[in-house]
Amino acid sequence: MKEFWSSRIRDMVPYTPGEQPRGRTFIKLNTNENPYPPAPGALEAIRAAANGDLRLYPDPEATELRAALAKFHGVKEEQVFVGNGSDEILAFCFAAFFGPEQPVVFPDVTYSFYPVYAGLFGIEYRTIPLREDFSLPVEDFLGKNGGVILPNPNAPTGRALALADVERLCKGNPDVAVVIDEAYVDFGTETALSLLDTCPNLLVVRTMSKSRSLAGMRLGYAVGSANLIAALRCVKDSFNSYTLDRVALAAAKASVEDAAYFSETCQKIAATREGTARRLTELGFEVCPSKANFLFVRFPGRSGKELLDGLREAGILVRWWNQPRIADHLRITIGTEEEMDALVEALRRLTRGEGN
Ligand SMILES: Cc1ncc(COP(=O)(O)O)c(C=O)c1O
């Protein structure tokens, strides 16, 4: 079948996104979306941007959005890069910072898109095992490597690294880029942005898909030294000048300008996470300590697939990976309080063998 495919693509195993169901209505806890709508100002900006100006290309420099983000984070505009979802920026990072000379390193249990990008760009990688409890052995990430990339908090475990450990990662790898993927940082982890002044090799990548409820607009950004940002711009302008459309640019700017709504929904989700973790622990689940908008859980003696299928039958979608070390775990996105009530009740029935 793969006639005409390039040899590089022929052997690629692409990333599998979580299911976006059609038809039946599910409680959707499988792709770490935010259960609350985007900031009201963002929705207004989207409506206002849907006008005749769409005949014009968007600003290839995303000047206004970058200015809003620079102001929000207290950095210079040349330290900010924006992209079509943070996935795009992460892909650009592999092209911009990692090469064939030395393998880039990341944890064995982490965001499963990293090895896919490495494959796409022909970059060697080495995975470093997390400890038994999925905590990260920082010392194993120091030394000879071609760069470091990892999420903080990690995905799919939700475990966070302390700022001092992120600093050790940057300072212990002074000759290569260290990319910290802060997709879930707003739900309770200390950001690495304060290290930017002393760590010129640090790039912080953020998404608006989770804490800002804008997964459907595809918006991400990165903050780092002007030097690292220039490398990302070089990749982008060698690929597609206009990665963000006019509507997305307007939505993102309005979202950034509504700091109050954003912090309120993040706090609500963090509180729901803590309550859900407590209830699942009471049911007998092992719950990995999470600082993200999801929980990584396992029920001793029950397979992950069994629970996944049982929840699906009960109308609840969660995420499961048939992979070493984590095949008995489920990753459960934090939804509304009502959605988590339904989840806890379904898991109670399943683990007590009561069916649905
Ligand atoms: C760790 C991590 N990084 C990045 C992303 C991608 O987010 P975006 O929607 O901005 O592409 C995800 C999405 O699930 C993620 O889990």
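Our structure's up above, just so we're on the same page.
Below you will find a few notes about this structure. Computed from a predicted structure; not experimentally measured.

**Quick word on the pairing of strand β12 (residues 329–333)**
And then number 1: Counting buried positions along β12 gives five out of five residues, so the element sits mostly inside the fold.
And then number 2: What you see with β12 is no split at all: His329, Arg331 and Thr333 on one side and Leu330 and Ile332 on the other are buried throughout.
And then number 3: Across five bridges, the pairing between strand β10 (residues 294–298) and β12 is antiparallel. From the neighbouring strand, Phe294 faces β12, where its bridge partner is Thr333.

**Some words on the state of the cysteines**
And then number 1: This structure, assessed with the given rule, holds zero disulfides.
And then number 2: In this model Cys199 remains outside any disulfide bridge; the closest cysteine sulfur is found in Cys170, 4.4 Å from its own.

**Side note on the pairing of strand β6 (residues 178–181)**
And then number 1: Side-chain alternation along β6 places Val178 and Ile180 on one buried face and Val179 and Asp181 on a second face that is also buried.
And then number 2: Two elements, β6 and strand β7 (residues 202–207), share four bridges in a ladder whose sense is parallel. Residue Val179 lies in a different strand from β7, and its bridge partner there is Leu203.

**Regarding the site of the ligand**
And then number 1: The environment of the ligand is made up of 14 residues, and the closest members are Ser86, Asp181, Tyr184, Thr207 and Ser209.
And then number 2: Taking Asp87, its main chain carries an N or O atom lying 3.0 Å from an oxygen atom of the ligand.
And then number 3: The separation between an oxygen atom of the ligand and a polar side-chain atom of Arg218 is 2.7 Å.
And then number 4: Relative to its unbound accessible area of 400 Å², the ligand is 93% covered by the protein chains.

**Details of the pattern of salt bridges**
And then number 1: For the structure on display, the rule yields 21 salt bridges.
And then number 2: When the shortest N-O distance is used, the salt bridge between Arg159 and Asp133 registers 3.9 Å. Residue Arg159 is found in the loop between β5 (148–151) and α6 (163–171), and its partner Asp133 is found in the loop between β4 (125–128) and β5; the two are separated by 26 residues along the sequence.
And then number 3: Of the residues examined, Arg159 reaches a relative accessible area of 23% and is grouped as partly exposed.
And then number 4: Arg279 is paired through a salt bridge with Asp341; the nearest N and O atoms lie 2.8 Å apart. Placement of Arg279 in helix α9 (residues 259–283) and of Asp341 in helix α11 (residues 337–351) is noted, with a sequence separation of 62 residues between them.
And then number 5: Residue Arg279 is classed as partly exposed on the basis of its relative accessible area of 27%.
And then number 6: Each of Arg131, Glu139, Asp165 and Arg168 takes part in one network of salt bridges that share partners.

About the cut-offs
Residues numbered from 1 in each chain as written. Predicted model: local features only at pLDDT ≥ 70, side-chain atom pairs only at ≥ 80, totals over all residues. Heavy atoms only, no water. Buried < 20%, exposed > 50% of the residue type's maximum accessible area, 1.4 Å probe, protein only. Helix = DSSP H or I, 4+ residues; strand = E, 2+ residues; numbered from the N terminus. Pairing = 2+ DSSP bridges. Disulfide = S-S within 2.5 Å. Near = heavy atom within 4 Å. Polar contact = N/O pair within 3.5 Å; in protein donor to acceptor, adjacent residues only side chain to side chain. Areas by Shrake-Rupley, 256 points an atom, 1.4 Å probe, with all protein chains shown as cover. Salt bridge = Lys/Arg side-chain N within 4 Å of Asp/Glu carboxyl O.

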